[in-house]
Amino acid sequence: QVQLVESGGGLVQAGGSLRLSCAASGNIFGIATMGWYRQAPGKQRELVATITSGGSTNYADSVKGRFTISRDNAKNTVFLQMNSLKPEDTAVYYCNADAATTYAPTYRRNYWGQGTQVTVSS
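Structural notes, computed from the coordinates. On a predicted model such as this, the values are computed, not experimentally measured, just so you know.

### Considerations on the pattern of salt bridges
Now for step 1: As enumerated under the stated definition, the model contains five salt bridges in all.
Now for step 2: The salt bridge involving R38 is made with E46; its shortest N-O contact spans 2.8 Å.
Now for step 3: With a relative accessible area of 33%, E46 lands in the partly exposed category.
Now for step 4: For the salt bridge of K64 with D61, the shortest nitrogen-to-oxygen distance reads 3.1 Å.
Now for step 5: The exposure class of K64 is partly exposed, given its relative accessible area of 48%.
Now for step 6: Connected via shared salt-bridge partners are R38, E46, R66 and D89.

Dropping the structure here:
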């Protein structure tokens, strides 16, 4: 019922920037929290940043000061501006939404996008 589509990944040199986008669609009643997670080969998926519908943000320590998460509530879209990229940021980045559908407005669940590859070369 809720689909997430990421875009904006790619190959960039260390110190460069990328901007990721994720658009949610479907029979959405509301999205409380949207976020970005990432997973490098052989590693667990980890939280990068989250943002609530009210604009409160949370970041992993490793990206604080470099990444900025934002959202457009009217368009059900979340963004991740990534600056000063490091090789350690290389991973598949996944969009996440804690959303409720119009069918069950009081019940929220997590939805995931397909992921977008970010590769940072040294």
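### Digging into the packing of aromatic side chains
Now for step 1: For the structure on display, the rule yields one aromatic pair.
Now for step 2: On the numbers, 5.0 Å between centres and 65° between planes, the contact of Y37 with W112 is edge-to-face. Highlighted residues: Y37 in strand β4 (residues 28-39) and W112 in strand β10 (residues 108-112), separated in sequence by 75 residues.
Now for step 3: Look at Y37 and you get buried, because its relative accessible area is 19%.
Now for step 4: On the basis of relative accessible area, W112 is assigned to the partly exposed category, the value being 38%.
Now for step 5: Sitting over the face of the ring of Y94, R45 holds its NZ or CZ atom 3.8 Å from the ring centroid.

### Notes on the state of the cysteines
Now for step 1: As enumerated under the stated definition, the model contains one disulfide in all.
Now for step 2: Paired through a disulfide, C22 and C95 show a sulfur-sulfur distance of 2.0 Å. Where C22 bonds to C95 through sulfur, the torsion about that S-S bond is close to -85°, and the disulfide is left-handed. Here C22 is found in strand β3 (residues 18-26), whereas its partner C95 is found in strand β9 (residues 91-101), with 73 residues between them in sequence. Of the two residues, C22 and C95, both sit in the buried class.

Here is what the cut-offs are and how they apply
Residues numbered from 1 in each chain as written. Predicted model: local features only at pLDDT ≥ 70, side-chain atom pairs only at ≥ 80, totals over all residues. Heavy atoms only, no water. Salt bridge = Lys/Arg side-chain N within 4 Å of Asp/Glu carboxyl O. Buried < 20%, exposed > 50% of the residue type's maximum accessible area, 1.4 Å probe, protein only. Phe/Tyr/Trp six-rings, centres within 6.5 Å; stacked < 30°, edge-to-face > 60°. Helix = DSSP H or I, 4+ residues; strand = E, 2+ residues; numbered from the N terminus. Lys NZ or Arg CZ within 6 Å of the ring centre and 35° of its normal. Disulfide = S-S within 2.5 Å.

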